[in-house]
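Report on the structure
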Amino acid sequence: MLNQIHYVKIPESPALSNFTNRKLDLLRRRYDTIQNLHVHFKLENTRHGNAKFCAIECTTQGFRIHASATREYFEHALKTAMSELIKQLEKRNAVLQIV
């Protein structure tokens with residue numbers, strides 16, 4: 001079980017790392033098939049200013065799931081990406097239970 005948090009061209013934030021680890025731990029408790037989680041944070045330049053981007057890559061037994069979101073704050077982007085990831089995991093678990 002591995003959590004990796006990457007900051008792309010931005011300084012590392014201990015507060016954001018702690019927040020992210022707490023959220024990832026909740027996700028791991030809910031889905032015991034998760035092996036690795038990689039989270040990437042970066043700033044995106046848009047025509048409206050800087051937007052915060054979060055991408056999560058989840059490795060489970062035999063497949064990878066990817067979710068990303070762009071929001072005004074990194075915390076909101078993380079929550080949105082996690083909710084997308086949860087939807088994909090639920091869908092994958094439903095398919096695996098049928099087989």
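These lines cover the structure that appears in this document, whether it is placed above or below. Residue positions are given per chain, counting from 1 as you read along its sequence in written order. In view of the model being predicted, local features appear only for residues whose pLDDT reaches at least 70, and side-chain atom pairs are presented and counted only at 80 or more, with totals across whole chains, interfaces and linings using the full set of residues. Working from all heavy atoms in the structure, the side-chain values ignore hydrogens and water.

Core analysis: the largest hydrophobic core is formed by 26 residues, its most contacted members being Leu27, Phe41, Ile56 and Leu85. For this core, the elements supplying multiple residues, two or more each, are helix H1 (14-30), strand S2 (36-46), strand S3 (49-60), strand S4 (63-71) and helix H2 (74-98). Sorting elements by how many residues they give to this core places H2 first, with eight residues. Not counting the four nearest positions on each side in its chain, Leu85 is found in contact with Leu27, Leu37, Ile56, Cys58, Ile65 and Ala67. In this description, a nonpolar core means a group of buried Ala, Val, Leu, Ile, Met, Phe, Trp, Tyr and Cys residues linked to one another through side-chain atoms lying within 4.5 Å. Buried, partly exposed and exposed residues are distinguished by accessible area as a fraction of the type maximum, computed with a 1.4 Å probe on protein chains only: under 20%, between the cut-offs, and over 50%, respectively. Helix and strand assignments come from DSSP, with helices taken as H or I runs of at least 4 residues and strands as E runs of at least 2, each series counted from the N terminus. We call two residues in contact whenever any of their non-hydrogen atoms come within 4.5 Å of each other.

Within the secondary structure, Phe41 sits in strand S2. Judged by relative accessible area, which is 0%, Phe41 ranks as buried. A C-alpha to C-alpha distance of 16 Å links Phe41 and Glu84, two positions 43 residues apart in sequence.

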